[in-house]
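What follows is each chain in one-letter form.
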Amino acid sequence: MKKRLIITGGAVALVLLILLFLWKPTVVIYGVQRAGLYSAIAIPMGLVLGIVHIVNLAHGELMMVSAYLTYFLATKLGMDPLLALIPAAVVLFGFGILIYRLTISHTLKAPELNQLILTFGIAIVLVQAVNLIATSQPRKLSVDYVTASAKMGEVHFGIYDFVFVALAVAILLGLQWFLKKTKTGRAALAVGQNPKGAQLVGINVDRTYMLVFGIATALVGVVGGFFLTKQSLFPAVGGPFTMKSFALVAMAGIGNLPAIFFAALGLGVAEAFISSFQGYGGWAHIVFFALIIAVILIRSFRGGK
Amino acid sequence: MKRFLIAILFITAAVMAMANGSDEETAKPIKLGGVWPLADITGEQASKAAQQAVEEINAAGGVLGRPLELIVIDSEFKPDKGAAALERLATVDKVDVFIGGMASSVHLGQIPTLKKYKKLTVWTGAASHLAEEAIGPDADWYFHLHPWDYNQGEGYVIGWNAISEKYPQIATERWFMAYEEGAFGSPSFDASVAMFSDMGTIDGDSFTSAAAGGGDYTAVLETAKAYKPDIFLWAGYAADALPLMEQSKAMGFAPPLYVGAPPGWPADFGASELAENVTLYGMWAPSISDISAVGKKFTDGYTEKYGALPATYFAPLGYTVVYVVAEAIERAGTLDTEALIKAMEETAYDSPLGETITFTPSNIIKHQGLRNQKILQWQNGRQEVIWPFEYQTAEPVYPFPGWDNR
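Residues numbered from 1 in each chain as written. Chains lettered and ligands numbered in written order. Predicted model: local features only at pLDDT ≥ 70, side-chain atom pairs only at ≥ 80, totals over all residues.

Peer 1: Hey, could you run me through the pairing of strand β9 (residues 257-260) of chain B in this one?
Peer 2: All names here are of chain B. With burial as the criterion, each face of β9 is covered, one bearing Leu 257 and Val 259 and the other bearing Tyr 258 and Gly 260. Two strands pair when backbone bridges link them, and strand β8 (residues 231-235) and β9 are joined in this way by four bridges, in the parallel orientation. Each residue of the ladder has a partner; that of Phe 232, found in β9, is Tyr 258. (Buried ≥ 20, exposed ≤ 12 C-beta atoms within 10 Å, placed from the backbone. Helix = DSSP H or I, 4+ residues; strand = E, 2+ residues; numbered from the N terminus. Pairing = 2+ DSSP bridges.)

Peer 1: Help me understand the nonpolar core, please; the structure alone is not making it clear to me.
Peer 2: Soluble globular proteins: nonpolar side chains tend toward being buried together. One finds Val 212 of chain A together with Val 325 of chain B to be the most contacted residues of the largest nonpolar core, which totals 221 residues. The element that contributes the greatest number of residues to this core is helix α2 (residues 25-51) of chain A, accounting for 17 residues. Excluding residues within four positions of it along the chain, Val 212 of chain A makes contact with Leu 47, Val 48, Ile 51, Val 52 and Ala 188 of chain A. (Core = buried A, V, L, I, M, F, W, Y, C linked by C-beta atoms within 7 Å. Contact = placed C-beta atoms within 7 Å.)

Peer 1: For this particular structure, what's the right way to read unusual backbone geometry?
Peer 2: Negative phi values dominate among residues other than glycine, just as trans dominates among peptide bonds. Residues and elements named next belong to chain B. The omega torsion across Trp 387 and Pro 388 is 5 degrees, close enough to zero to call that bond cis. Following the sequence through the fold, Pro 388 ends up in the segment after β14 (382-387). Going from Tyr 398 to Pro 399, the amide bond is cis rather than trans, its omega being -5 degrees. Relative to the helices and strands, Pro 399 resides in the segment after β14. The backbone phi angle of Leu 64 is positive, close to 55 degrees, even though this residue is not glycine. Position of Leu 64 among the secondary structure elements: in the loop between α2 (41-59) and β2 (68-74). With 14 C-beta atoms packed within 10 Å, Leu 64 lands in the partly exposed category. The phi torsion at Glu 76 lies on the positive side, around 55 degrees, for a residue other than glycine. Structurally, the position occupied by Glu 76 is in the loop between β2 and α3 (79-91).

Peer 1: Would you explain the sheet that holds strand β1 (residues 30-36) of chain B in this entry?
Peer 2: Whether parallel or antiparallel, the strands of a sheet pair through hydrogen bonds between backbone atoms. Residues and elements named next belong to chain B. Spatial strand order, β2-β1-β3-β4-β5: five strands in an open sheet with parallel pairing. At either end of the open sheet lies a strand with only one pairing partner, and these are β2 and β5 (142-144). Between one strand axis and the next, the sheet turns through 20 degrees on average, direction left out of account. (Axes fitted to C-alpha atoms, helices over the stretch in contact; angles between N-to-C directions.)

Structure (structure tokens):
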């Protein structure tokens, strides 16, 4: 029954997308691109929140830190940002482990509110530290390939942002492989479902938490490097993406990583659709959160997670 | 004899002590208290340029034989911090004059404190007419350098009409304004619509600034592209500047004039080839050095001292405010507020901005300095002045070149 519902829903969504593409092709193009960016940032949060149940409100700020790191590597060493993001992600992995060891590991057994307050505090520290080091002056790397474009009849559009779709899919497939095919991944799933049971069967729960948090931080570090190529950097740039990621993970259902991509697709296209009507751009934010509230309410009435 | 010698020694010591006291009095610095947002490029560079002016003046012998001392406190872009900074400058540092200023919201929070102390105040920022209303008509001690918002609006109308008259090939009839949906962009659009009875037709649409979590301009650019404007004007923040150009290029959007009106530009904007021939508003450009000796002295001095060209017109404003105050103190010959106000009213300072600064009444206050922004254009990585024509440093490039023709 559930499978049939998913297939029917998917088919209806596909038909709607095709019809929308015929009516307003740029809405679908830009909506899919937005979805790529949103889901690439949200999926690592989905790993931490959905699999090992750590509430990380410093998620967007960690992306911001990585973007700054990539920026300085790129400008000081003359590296392309898409290369510089590799060492930045490695540093972020270590940074994630450090944050986990020094702070989060002490709150695992405490109520979730403690994690919320703790990671909120970490977010503030990160923003202010970057503000002190790099000032609030916006920075932007100018790279040629971000202006790559294509023409389809009369429609002239940018194609670089599809890189975020590819990135989101790559992160998703990689994580699916990690969680299902590797020992550490299966351990992470077990720890997420039942930490005490996992410990009883010999899984090092603390190490698993630490690794998953480090991997998620490294992944959001990779996204930060790509983000830098598209948008200006300033210390507060990550905050809104923490909120959007949190909302997408909640909408997709905690623990359901592939659904984050489809939730982002729906929201990205809905935002692009509303914004395409002159004078209604401001409604896009309302649609975003209204859709999330509606989905969560429907799920709660149906008794889902 | 012994008593006589003791008396001589005593008198000599007393005279020496008095002489020393007198030296200390004449050497006591005249204190200028500045408040700017130091984490922002505007405040950072304004305060640096003010320090540059202080050092130049002190090297030339100071004012009334006394050195100037600049004490700067960070407003952190917050009204409460800005007001507290003034309190500290008045009570702890005991400054003689208040200078500084950036952001109307901060200034609105500072005005009650300024009214409390009624010290000579010369302000470099705050364009909102709401700040002018809050200052009111009776504040004789208040001098405002930056143009008010309505001055700027009137200036743009005059500027674009003058440009289209001198260069008939430049069409200025059909405008599209992309504005950020927050407190800066939306009122700017409303003000533009109101003044467009004198300038043709205007349409517009909003976008979410990158500074507010946005950064996707595709929808507003699609709308603008369909409108086919003569002039495309965007009003957002520095964080929007380069991404907006990149998305315009990716979408093949190249209107005949591409105009940006953010309060500040990213420091490295001019280095990008996407900046070429973008038109902008501002009060100053390094190219003013070509036509102004004071402009050259300021720009060369700043670059030598800080190792980089100033990137915002708040730098020459910071430099100007110190010179305007120093010259007024010299004319007044005293730090008495009444005498200083009178001397300030006689100001005629040949500034690095190009204009000679004088103070005349505006809609409400008695002492308004500058009235217009300039219309500038990026050419070969440099901001050139297009209008006012008396400060013009280059002919305008028109139309904005298509992305494929670069």
